[in-house]
Amino acid sequence: MHIPDGLISDPRVWIGADVVTVGVVGYAIRRESRDLKPERVPLMGLMAAFVFAGQLLNVPMGVPGVSGHLLGAVLAATLLGPWRATIVMAVVIAVQCLLYNDGGLTALGANILNMGIAGTLAGFGVYSGLRRLVAGRAGTLVAAGVGAWFSVVLGAALVAGQLALCSDILSRVGVGRLFALLVGLHIPIGLLEALITVGALAVVTQSRPDLLGLRPKPAASEAGEGATAS
Amino acid sequence: MRPLGWIALVVVAAAVAGVLALIASPLPDGLDTTMERLGLHAGESAAKAPMPDYATPGVRSPRAATFVAAATGLVVVVLITLVIGRLIARLRPPTPTDDGKRGGGSAP
């Protein structure tokens, strides 16, 4: 859902998105400048690589003629925390724009807002809310899946909202069709997102449950050494 | 992990990115599909990208051009993230709880 240049026809909309994005990413950096330890930085690099690679792989969806790809915002947020994940997502989306013109330069703020900020913060909100309801590893995975699905659908709704704010688009296509198409198409894409997010977290929690704040498996058998050094 | 281990990891990841870009579906994504169906169009690009649409200029084979572009991008993304992460981590004020280093001057 990378918005290209010229699609958001009202400059006030993309400038407004720029302002919000600069503000939120600036806040994220300020917040992380208090918490981020140097030894946690490599995991950020790893997540950036995973998100970038995952976004490359478009997969045909059930809907004829439509493909979707991983967003990765909630996956990053569960492993890095929402603010650190926001920074990682912003880097990935900015590089896609500047290196490949995947997403327009004028729409960069909007794209970071829709995919990098809303996805990480609201998706993470859904995840942590649900996690409180269902305990344990299974609960965590389900919560991450729902949060991941939500992050994609929310991102699509935000794109629709930004387009609807442009009066010429609104008068030409109408708000209903805009939302129905964008949100509707992203409901299955969100399922793909949930699938990849849960799959990746299932692998991670197998060996490093501590990364998600889960207790390691009862150390009766073999494990126990690995995760103790923190 | 040793620095050599990290470099090996990034090289493998870059190759994986290149392959993923090659096997990716060429079908339009959700937003492109919406634009097509509603008759909405993108405008001129506001900036010139060095590798527009995941193609490396000067590489004749389209498949090689895609592979190189995606692999390069992965390395760029990782490097920028690590640099920004380190810069942010450096902003963190030292706290007394930091591995027993207290009242210490600057780290080497």
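About the thresholds
Residue positions are given per chain, counting from 1 as you read along its sequence in written order. Written order decides the labels, with chains lettered from A and ligands numbered from 1. Per-residue local features are limited, in this predicted model, to residues with pLDDT of at least 70; the limit for side-chain atom pairs, both in listing and counting, is 80 or more; totals at the level of whole chains, interfaces and linings are taken over all residues. Only heavy atoms go into the side-chain values, all of them from the structure, while hydrogens and water stay out. Every helix listed is a DSSP run of H or I at least four residues long, and every strand listed is a run of E at least two residues long, numbered separately from the N terminus. Here the globule rule is a power law, 2.2 Å times the number of residues to the power 0.38, and the radius of gyration is based on C-alpha atoms. Type-normalised accessible area, obtained with a 1.4 Å probe on protein chains alone, sets the label of each residue: buried when under 20%, exposed when over 50%, and partly exposed for intermediate values. Calculation of accessible area relied on Shrake-Rupley with a 1.4 Å probe; when residues are assessed, cover is drawn exclusively from the protein chains displayed. This count recognises Lys and Arg as positive and Asp and Glu as negative, with His and chain-terminal groups excluded. A charge is said to be at NZ when it belongs to Lys, at CZ for Arg, at CG for Asp and at CD for Glu. Throughout, a contact is declared for two residues whenever any of their heavy atoms are within 4.5 Å. Buried area is a sum: the accessible area each of two parts loses on coming together, probed at 1.4 Å, counted once for each and added. Salt bridge, as applied in this entry: a Lys or Arg side-chain nitrogen positioned within 4 Å of an Asp or Glu carboxyl oxygen. N or O atoms closer than or at 3.5 Å make up a polar contact, with two conditions inside protein: a donor-capable atom paired with an acceptor-capable one, and, for residues adjacent in sequence, both atoms drawn from side chains. Here the term charged refers only to Asp, Glu, Lys and Arg, the term nonpolar to Ala, Val, Leu, Ile, Met, Phe, Trp, Tyr, Cys and Pro, and the term polar to all other amino acids, Gly among them. Expected span of a helix, by definition, is 1.5 Å for each gap between consecutive residues, and there is one gap fewer than residues. Across the chain, bend at a residue is computed as the angle between axes fitted to the seven residues ending at that point and the seven starting from it.

(A) Spatial organisation of the overall build of chain A. Along its length, chain A carries eight helices and two strands. Relative to the 2.2 N^0.38 estimate, which gives 17 Å for 230 residues, the radius of gyration of chain A is 18 Å and therefore close to what a compact globule would have. Expressed as lengths along the three principal axes of its C-alpha atoms, the size of chain A is roughly 65 × 40 × 30 Å. When the 230 residues of chain A are sorted by exposure, 54% land in the buried category. Accessible surface, chain A: about 9400 Å² in total, of which carbon and sulfur atoms supply 68%. Across chain A, the mean location of the 15 positive side-chain charges is 8 Å away from that of the 12 negative side-chain charges.

(B) Representation of the interface of chain A and chain B. Listed by partner, the interface residues are 59 residues for chain A and 51 residues for chain B. Around 4500 Å² of area is buried between chain A and chain B when both sides are counted, 74% of it from carbon and sulfur atoms. Summed over the shared surface of chain A and chain B, the result is zero salt bridges. Run the count over chain A and chain B and you get twelve residue pairs in polar contact (both at pLDDT 80 or more). Secondary structure elements with two or more residues in the side of chain A that touches chain B: α1 (11–35), α2 (41–56), β1 (59–60), α4 (82–100), α6 (136–164), α7 (167–173) and α8 (175–207) of chain A. For the side of chain A that touches chain B, the per-class residue count stands at 40 nonpolar, eleven polar and eight charged.

(C) α8(A), seen in detail. End to end, α8(A) covers 47 Å across 33 residues, agreeing with the expected 48 Å (1.5 Å per residue, within 8%). If you look at α8(A), its biggest bend is around 35°, right at I187(A), and the proline P188(A) turns up within four residues after that.

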